[in-house]
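# A closer look at the structure
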Amino acid sequence: AVVSTQSTGAFMFTGLSLNFWSSLYIVMIGNVFPKRNYLALAGICIGVGQVSSGFVWSVLTYKIGRRGVLLCTTSVCCLAYTLVYLSFPSDSATTEEARAQEVPIIASNIYLTLFIALLIGLGDGGFNVTIYATLGQLWEQAPAPAFAVFKFVQGILATAAFLYCGSLLLPYQLLILVVMCLLGCLCFLILDFKISFQSGYEEIPEEGVRDVAGDPDRFYEELSQPLIPSDD
């Protein structure tokens, strides 16, 4: 029960993040920039970030470990939200057209906007990669209920974010995202330390991966071990 409660913090952030990159950010771009083809470009950049995150964070896991990847992912998300705050008018999420008097700190430009879209996709994908890996390890024997809870919490928070995203000013929405991102990171760090303490789990070092990969006999010997020990 404790493990599930700690996991909920990260689950909640993924729901808010899902709402932000799938709807709110695209709406903001449409409110600030007159050219509608920018919406498609932003969607492509978010998709590129999502796809590349699976490769980038998986490779970095063997370099800096799961905790290091989680910290990097959190930093990427916070950087993206900070750039959104600096480069978008505060009313760009609540009006059909951004008001002239609402001037952002940094003048909005499409190149920065597309770069932010890439960061949003990269950060959101990294959080999901970490969650999938952790759930797969904790509930290896029965993963379906764990992933069902994850999707349920994610859907509930995404729905809640849809309800307020059209009426709450952008700085407050970004503040909610940053707080939940940091909370989700903290919860998963605590969870990972509890796994290490209770079950003696240690992250696989890069040297260990290379030893197995470079020794075919050892690789097939490990692969042939039964997943469930026999009663004998």
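In what follows, the structure referred to is the one given above.
Scope of this entry: the structure provided in the associated data block. (Residues numbered from 1 in each chain as written. Predicted model: local features only at pLDDT ≥ 70, side-chain atom pairs only at ≥ 80, totals over all residues. Heavy atoms only, no water.)

### Some remarks on the environment of Asn128
Summarising the element assignment, Asn128 is placed in helix 3 (residues 110-138). Taking the C-alpha atoms as reference, Asn128 lies 9.7 Å from Gln50; in sequence the two are 78 residues apart. (Helix = DSSP H or I, 4+ residues; strand = E, 2+ residues; numbered from the N terminus.)

### Some remarks on helix 3
Residues that lie three or four places apart on an α-helix share one face, since the helix turns once every 3.6 residues. When the terminal C-alpha atoms of helix 3 are compared, their 42 Å separation across 29 residues agrees well with the 42 Å that a helix rising 1.5 Å per residue should span. Capping the start of helix 3 is the job of one residue whose side-chain oxygen sits 3.3 Å from the backbone nitrogen of Tyr111: Asn109. (Expected span 1.5 Å × (residues − 1). Polar contact = N/O pair within 3.5 Å; in protein donor to acceptor, adjacent residues only side chain to side chain.)

### Structural notes on helix 4 (residues 143-164)
Spanning 22 residues, helix 4 covers 32 Å between terminal C-alpha atoms, matching the ideal 32 Å at 1.5 Å per step. For helix 4, the complete set of buried residues consists of Ala146, Phe150, Val153, Gln154, Leu157, Ala158 and Ala161. For helix 4, the arc enclosing every buried residue in end-on projection is 135°, short of the 170-degree limit, so these residues lie on one face. In helix 4, the exposed positions angled more than 90 degrees off the buried face are occupied by Ala144, Phe152 and Leu163. (Buried < 20%, exposed > 50% of the residue type's maximum accessible area, 1.4 Å probe, protein only. Arc of directions from axis to C-beta.)

### Some remarks on the packing of aromatic side chains
Counted according to the given criterion, the structure contains eight aromatic pairs. Consider the rings of Phe20 and Tyr81, whose centres lie 5.6 Å apart with planes at 90°: the pair is edge-to-face. Separated by 61 residues along the polypeptide, Phe20 in helix 1 (residues 2-32) and Tyr81 in helix 2 (residues 37-87) bring together distant segments of the chain. The same class applies to Phe20 and to Tyr81, which are both buried. Ring geometry for Phe33 against Tyr38: centres 5.7 Å apart, planes inclined by 85°, an arrangement best described as edge-to-face. For the pair Phe33 and Tyr38, one class covers both residues: buried. Put simply, the rings of Phe11, Tyr132, Phe147 and Phe150 pair up and form one aromatic cluster. (Phe/Tyr/Trp six-rings, centres within 6.5 Å; stacked < 30°, edge-to-face > 60°.)

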